[in-house]
Amino acid sequence: MEILQVPFVQGFIRMCQDGWEQNWHERNGGNLSYRIKPEEVEAVRPYFGAEQPWQPIGTSVPGLAGEYFMVTGSGKFFRNASIDPADTTCILEVDEAGEEYRIWWGLENGGRPTSELPSHLMNHEVKKAVSGGKHRVIYHAHPANTIALTFVLPLKDEVFTRELWEMATECPVVFPDGIGVVDWMVPGGRAIAVKTSRLMKEYDVAIWAHHGMFCSGETFDLTFGLMHTVEKAAEILVKVLSMAPQKRQTITPQNFRDLAVDFQVTLPEKFLYEK
Ligand code: 13P
Ligand code: ZN
């Protein structure tokens, strides 16, 4: 067995390739992280290299003390992840204070984990707590339709959630809690990580205005599927807005309430406002 045959490593690499094929990862755009299960850490430990120095995370994540993550590298291209995972990704450990990390595998030609590591780890910390440990995947991408909408819709959670729900009947079932929106901010630091992780307490999706999207989920499939569903809805909305200034008909608030009963989801009333 090689490290690249370990199932979570294969799932991680496949997701990078899937995102590349969706055109969500121009150049080094986007990043992916996975919180590794204890038994999976043991499966990859035989492939760890020499001990490397601890490095500051740039924020504090005490709720992730001692956890291991697989993460894409900063400046690395998703396009190359499946061709050379040992160059483009890494496995790292978080220290007991949640302040520093060290790399045990990958980035073999040098480099650092994604510049969005503060956002990834703060989102993981929040999602681990609110999901009872179930959420393990945080995914950031640059999908064009979602980004385009941040230039024309008000940057409000209620508006993005409602407009995207209306674009496909499956949407409120796939993301019943809704979508959070972050105003334009400088990426790559602690401030945007704090804002995003606050939204992640409530939502599984956060949109960064004029930049991209973050999704959280239990598995690679569910997290990729969530990004895919939101971006597909955004594509439909872009088409609708391009065809006509107003919709002739749509899914109504009462339609959503009926759907919620049959599909056994709770849809917060704040998204079902009268327009
Ligand atoms: P990294 O190459 O550092 O992961 O940055 C890409 C990105 O999308 C920043 O938001
Ligand atoms: Zn980005």
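The following refers to the structure shown.

### Observations concerning helix 10 (residues 220-243)
In this model, helix 10 (24 residues) spans 35 Å end to end at C-alpha, consistent with the 34 Å of a helix rising 1.5 Å per residue. Among the residues of helix 10, Phe220, Thr223, Phe224, Leu226, Met227, Thr229, Val230, Glu231, Ala233, Ala234 and Leu237 are the ones counted as buried.

### Quick look at the packing of aromatic side chains
For any pair of aromatic rings, the description rests on two quantities: the centre-to-centre distance and the angle between the ring planes. If you walk through the whole model with that rule in mind, you get eleven aromatic pairs. Judged by centre distance (5.5 Å) and plane angle (25°), the rings of phenylalanine 8 and tyrosine 34 are stacked. Of this pair, phenylalanine 8 sits in helix 1 (residues 7-21) while tyrosine 34 sits in strand 1 (residues 31-35), placing them 26 residues apart in sequence. Owing to a relative accessible area of 3%, phenylalanine 8 belongs among the buried residues under this scheme. Note on tyrosine 34: relative accessible area 4%, which makes it buried. A ring pair is formed by tryptophan 165 and phenylalanine 271, whose centres lie 5.2 Å apart and whose planes are at 70°; its orientation type is edge-to-face. One end of the pair, tryptophan 165, is in helix 7 (residues 157-165); the other, phenylalanine 271, is in the segment after helix 11 (253-263), with 106 residues separating them in the sequence. Considered together, tryptophan 165 and phenylalanine 271 belong to a single accessibility category, that of buried residues.

### Examining the packing of helix 1 against helix 10
Their axes nearest at 10 Å, the elements helix 1 and helix 10 cross at an angle of 15°. As judged from the angle between their axes, helix 1 and helix 10 are roughly parallel. In this structure, the crossing between helix 1 and helix 10 has a hand that is right-handed. Mapping the contact onto sequence places Phe8, Gly11, Phe12, Arg14, Met15, Asp18 and Gly19 in helix 1 and Phe220, Asp221, Thr223 and Phe224 in helix 10. A class-by-class count of the residues in the contact of helix 1 with helix 10 yields five nonpolar, three polar and three charged.

### Observations concerning the sheet that holds strand 9 (residues 212-217)
Within the open sheet, the nine strands sit side by side as 2-5-4-3-1-6-9-8-7. Their pairing is mixed. The open sheet has two free edges, formed respectively by strand 2 (55-56) and strand 7 (179-182), since each of these has just one partner strand. In the sheet, strand 7 pairs with strand 8 (residues 205-208) via four bridges, with the strands oriented parallel. Bridging from a neighbouring strand, valine 182 pairs with tryptophan 208 of strand 8. Relative to the sheet, helix 10 contacts strand 1, strand 6 (137-141), strand 7, strand 8 and strand 9, its axis offset from that of strand 9 by approximately 145°.

### Observations concerning the site of ligand 1
Around ligand 1, the neighbouring residues are Asn28, Gly29, Gly30, Asn31, Ser74, Gly75, Thr114, Ser115, Glu116, His140, His142 and His211. The separation between an oxygen atom of ligand 1 and a polar side-chain atom of serine 115 is 2.7 Å. With respect to ligand 1, the side chain of histidine 142 contributes an N or O atom lying 3.0 Å from an oxygen atom. The class makeup of the residues in the shell around ligand 1 is no nonpolar, eleven polar and one charged.

### Some thoughts on the pattern of salt bridges
For the structure shown, the criterion picks out 16 salt bridges. A salt bridge links glutamate 163 to lysine 247, with the shortest nitrogen-to-oxygen separation between them at 2.8 Å. Residue glutamate 163 is found in helix 7, and its partner lysine 247 is found in the loop between helix 10 and helix 11; the two are separated by 84 residues along the sequence. You can call glutamate 163 buried: its relative accessible area is 11%. A residue is classified by how much of its surface remains accessible, and lysine 247, at 28% relative accessible area, is partly exposed. Residue glutamate 166 pairs with lysine 247 through a salt bridge whose shortest N-O separation is 2.8 Å. Of this pair, glutamate 166 sits in the loop between helix 7 and helix 8 (171-174) while lysine 247 sits in the loop between helix 10 and helix 11, placing them 81 residues apart in sequence. Residue classification places glutamate 166 among the buried residues on the basis of a relative accessible area of 5%. Connected via shared salt-bridge partners are Arg162, Glu163, Glu166, Lys247 and Lys275.

Conventions we followed
Residues numbered from 1 in each chain as written. Chains lettered and ligands numbered in written order. Predicted model: local features only at pLDDT ≥ 70, side-chain atom pairs only at ≥ 80, totals over all residues. Heavy atoms only, no water. Helix = DSSP H or I, 4+ residues; strand = E, 2+ residues; numbered from the N terminus. Expected span 1.5 Å × (residues − 1). Buried < 20%, exposed > 50% of the residue type's maximum accessible area, 1.4 Å probe, protein only. Phe/Tyr/Trp six-rings, centres within 6.5 Å; stacked < 30°, edge-to-face > 60°. Axes fitted to C-alpha atoms, helices over the stretch in contact; angles between N-to-C directions. Parallel < 35°, antiparallel > 145°, perpendicular 65-115°, else oblique. Left-handed = near helix turned anticlockwise from the far one by under 90°. Contact = heavy atoms within 4.5 Å. Nonpolar A, V, L, I, M, F, W, Y, C, P; charged D, E, K, R; others polar. Pairing = 2+ DSSP bridges. Near = heavy atom within 4 Å. Polar contact = N/O pair within 3.5 Å; in protein donor to acceptor, adjacent residues only side chain to side chain. Salt bridge = Lys/Arg side-chain N within 4 Å of Asp/Glu carboxyl O.

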